[in-house]
Amino acid sequence: MTGVVTFHVPENKLAKLIKTPGGKPVVEAVADAQQGLMGLQDDCLADLGQMLVEAEGAAARAGAAFDAELVEQLYGRVSAAIGVPTACGMEPVDTALISLSDLLDNLQERSVWDPEPVAVHLRAIRLMLNVEAARQGAGAQGLLDGLRQVSQRFAANDAQAD
Amino acid sequence: MGINPESRARFNLQRASILILDQNPMGMSILVQILTGFGAKTIHRCETVAEAEATVQKNEIDLMVVDSLGPGGAGYKFVHWLRRSKIQPNCFAPVLIIAGHTPQRAVAMARDCGAHFILAKPLTPIAVLERVLWISKEGRRFVECSTYVGPDRRFKNEGVPAGMEGRRRDDLPAEVGEATMPNMEQDVIDSMLKTRKVQL
C-alpha cells in the first residue's frame, strides 16, 4: 500500500438486526432453506439438461483448432451451472462440472483444444444426470476420480511447460 | 467457525434488506430460497450490475450477496465500484461474494475487490448461514487507500509473513529483542489482578 491510509469502523447494522428478538432457530432456518431448495428440483433438472444440450452443441461445433470464443462460451455456460446440482441433491454432478471448468480453463490458458477430455466429461455428466446409480457410492467416486485425472493432466502439463 | 445445524440459537433476518446480484436465474432462485428460508423478507433481486448500482443508490442495504458473474468478474468490479461510491452507509455494507469457479487469475480480483468473504459454490444453507453470521459478528474496520477500499484483509493477524518485514507501524518483529525496561515488581502485577469494586 502506498500514500495515505485511513481506517474507519462503520456501524455494524447487520449485527444489530440479527440480534433483535424474534427470528428463527438455526435448525428451523436450515430446514426451511433446504425445503425451499427441494421445491426447485424440477427447475434445476431442466436447467442442467438445457446446459448439457448447449455444452454438447458447442463442443460438437468445435473444429480441430483452438477457438477462443467458443471455449470461452463453453466455459461460461458450464461454470455458471456449478451449484445447481447440489441444490437438487446431486453433489457428484457439481464435482464433475468443477472438473470440466478446470479443464476448459486450462485449455483457455494454454490456447489449445482437445475434444476428447471435454467429450469424456460431458458423457459422464449426462450419465450421472440420467442414471441414479452413476451418482452414488463407489461408482460415482470412480467416475469422478477418472475425470479429475483427465482434468489434472492438462494442469500438470501446464506446470511442466512453466 | 462451524455452527451446529441442530442449534436452537435464534437469529433474525426479517428486517434486513438484502441485495442479491446474480445473472443466472437458477443461481438467483437458489439464493432466494436459502435466504427466504432464513426468514429474510426484503430481497432486492438484481440480474445485472446496472440494476444493482441503481438499487444501491435508492435503498439502504444491510447485506449484499454478489455472484462473481462469469469469467470477466463483473461481480468483483461491482464491489470495487461500491466501495469507492461514497454512497453511505451502503459503501460499508457487508458483501458476501459467491463464485462458481475461481481460476488462479480471478483470485487476486476476488481478494482485492473489497468483499468481506468469498464463498465457493456449491452452496449449502448451513455454509451460507455460517458466513452471514460470521460477517455480522466480526465488525471489521475499513481500510481506505489509493489501491484498496474495503474491510481490512488482515483480520486473522497471524503476523508478518516469514522472511518479510512488516509495512505497518504496529507490526512486531519476528525476533523478540532484549528487554528495554526493568521487569515489573510482583506487587505491581498482583495489584493489577486484584478484584476491586467498580465505582459508577
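1. Topic: the overall build of chain B
Along the backbone of chain B there are six helices and eight strands. Put simply, chain B runs from its N terminus to its C terminus through helices and strands in the order β-β-α-β-α-β-α-β-α-β-α-β-β-α. Taking 200 residues into account, the globule formula puts the C-alpha radius of gyration at 16 Å, and chain B, at 21 Å, lies well above it. If one aligns the C-alpha atoms of chain B with their principal axes, the spans along those axes are about 65 × 40 × 30 Å. The buried share of chain B, reckoned over its 200 residues, is 46%. Put simply, of all contacts in chain B between residues at least 6 apart along the chain, 61% involve residues at least 24 apart. About 11700 Å² of surface is accessible on chain B, with carbon and sulfur atoms providing 51% of the total. One way to put it: in chain B the 26 positive side-chain charges average out to a point 6 Å from where the 22 negative ones average out.

2. Overview of the packing of helix H2 (residues 26-38) of chain A against helix H5 (residues 125-138) of chain B
Their axes nearest at 9 Å, the elements H2(A) and H5(B) cross at an angle of 130°. The angle between H2(A) and H5(B) places the two elements in the oblique class. At the point where H2(A) passes H5(B), the crossing takes the right-handed sense. For the pair formed by H2(A) and H5(B), the contact residues are A:Val26, A:Val30, A:Ala33, A:Gln34 and A:Leu37 on the first element and B:Pro125, B:Ile126 and B:Leu129 on the second. Taken together, the residues of the contact of H2(A) with H5(B) break down into seven nonpolar, one polar and no charged.

3. As for the interface of chain B and chain A
Each side of the interface is counted separately: chain B has 57 residues, and chain A has 50 residues. Here chain B meets chain A over a buried area of about 4600 Å², counting both sides, of which 63% is carbon and sulfur. The largest per-residue losses of area from chain B upon contact with chain A belong to B:Asn12, B:Met26 and B:His101, which jointly make up 15% of the total buried on that side. Note that B:Glu60 and A:Lys13 form a salt bridge whose closest N and O atoms lie 3.2 Å from each other. Scanning the region where chain B abuts chain A turns up 18 residue pairs in polar contact (both at pLDDT 80 or more). Contributions of two or more residues to the side of chain B that touches chain A are made by strand E1 (10-11), helix H1 (25-37), H5 and strand E7 (142-144) of chain B. The residue inventory of the side of chain B that touches chain A, partitioned by class, reads 26 nonpolar, 17 polar and 14 charged. In terms of strand pairing, strand E2 (residues 24-25) of chain A meets E1(B) through two bridges, oriented antiparallel. Each residue of the ladder has a partner; that of A:Lys24, found in E1(B), is B:Phe11.

4. Section: empty space enclosed by the protein
A probe matching the size of a water molecule, rolled over the atoms, marks out where space remains unfilled. As enumerated under the stated definition, the model contains one cavity of 30 Å³ or more in all. As for the largest cavity, its lining consists of A:Ala80, A:Ile82, A:Gly83, A:Val84, B:Asp22, B:Asn24, B:Gly27, B:Ile30, B:Leu31, B:Ile98, B:Lys121 and B:Leu123. With three residues, the single largest contributor to the lining of the largest cavity is H1(B).

5. Topic: the packing of aromatic side chains
Two numbers describe a pair of aromatic rings. These are the distance of the centres and the angle of the planes. Going through the model one piece at a time under the given rule, you end up with four aromatic pairs over all chains. When the centroid spacing of 6.1 Å and the interplanar angle of 85° are considered together, the rings of B:Phe11 and B:Phe38 count as edge-to-face. Of this pair, B:Phe11 sits in strand E1 while B:Phe38 sits in the loop between H1 and strand E3 (42-46); the two residues are 27 residues apart in sequence, bridging distant segments of the chain. Each member of the pair, B:Phe11 together with B:Phe38, is buried. The ring centre of A:Phe7 lies 4.0 Å from the NZ or CZ of B:Arg141, which sits over that ring. Positioned above the aromatic ring of B:Tyr148 is the side chain of B:Arg153, whose terminal nitrogen or guanidinium carbon lies 3.7 Å from the ring centre.

6. Concerning the pairing of strand E6 (residues 117-120) of chain B
All names here are of chain B. Side chains of E6 alternate between two faces, with Phe117 and Leu119 buried and Ile118 and Ala120 left unburied. Relative to E6, strand E5 (residues 95-99) is paired through four bridges, and the arrangement is parallel. Its bridge partner lying in E6, Ala99 is registered against Ala120. The parallel pair E5 and E6, bridged by helix H4 (residues 104-112), forms a crossover whose chirality is right-handed.

7. Things to note about the nonpolar core
The nonpolar side chains of a soluble globular protein tend to be buried with one another. Counting 75 residues, the largest nonpolar core has A:Leu104, A:Val118, B:Phe11 and B:Phe38 as its most contacted members. Not counting residues within four places of it along the chain, the set of residues in contact with A:Val118 comprises A:Ala59, A:Leu74, A:Leu100, A:Leu103, A:Leu104, A:Leu107 and A:Trp113.

8. A closer look at the confidence of the model for chain B
In this model, chain B carries an average pLDDT of 89, and 98% of its residues clear a pLDDT of 70 or more. Across chain B, the secondary-structure element scoring lowest on mean pLDDT is H4(B), at 81, and the one scoring highest is E3(B), at 98.

9. Describing the layout of surface pockets
Residues and elements named next belong to chain B. In this model, the largest pocket occupies a volume close to 730 Å³. If you trace the largest pocket, you find 28 residues lining it, with Arg111, Asp152, Arg153, Arg154 and Phe155 closest to the centre. At the level of secondary structure, the elements contributing two or more residues to the lining of the largest pocket comprise H4 and E6. Per element, the largest residue contribution to the lining of the largest pocket is three residues, and it comes from H4.

About the criteria used
- Residues numbered from 1 in each chain as written.
- Chains lettered and ligands numbered in written order.
- Predicted model: local features only at pLDDT ≥ 70, side-chain atom pairs only at ≥ 80, totals over all residues.
- Heavy atoms only, no water.
- Helix = DSSP H or I, 4+ residues; strand = E, 2+ residues; numbered from the N terminus.
- Rg over C-alpha atoms; globule rule 2.2 N^0.38 Å.
- Buried < 20%, exposed > 50% of the residue type's maximum accessible area, 1.4 Å probe, protein only.
- Contact = heavy atoms within 4.5 Å.
- Areas by Shrake-Rupley, 256 points an atom, 1.4 Å probe, with all protein chains shown as cover.
- Lys, Arg positive; Asp, Glu negative; His and termini not counted.
- Charge placed at Lys NZ, Arg CZ, Asp CG, Glu CD.
- Axes fitted to C-alpha atoms, helices over the stretch in contact; angles between N-to-C directions.
- Parallel < 35°, antiparallel > 145°, perpendicular 65-115°, else oblique.
- Left-handed = near helix turned anticlockwise from the far one by under 90°.
- Nonpolar A, V, L, I, M, F, W, Y, C, P; charged D, E, K, R; others polar.
- Buried area = accessible area lost by both parts, 1.4 Å probe.
- Salt bridge = Lys/Arg side-chain N within 4 Å of Asp/Glu carboxyl O.
- Polar contact = N/O pair within 3.5 Å; in protein donor to acceptor, adjacent residues only side chain to side chain.
- Pairing = 2+ DSSP bridges.
- 1 Å grid on protein atoms, 1.4 Å probe; cavity = no way out; pocket = protein on both sides within 12 Å on 5 of 7 lines; lining within 4 Å.
- Points joined across faces, edges and corners; volume = space filled by probe spheres on them.
- Phe/Tyr/Trp six-rings, centres within 6.5 Å; stacked < 30°, edge-to-face > 60°.
- Lys NZ or Arg CZ within 6 Å of the ring centre and 35° of its normal.
- Right-handed = clockwise from strand over helix to strand, strands pointing away.
- Core = buried A, V, L, I, M, F, W, Y, C linked by side-chain atoms within 4.5 Å.
- pLDDT = per-residue confidence, 0-100.

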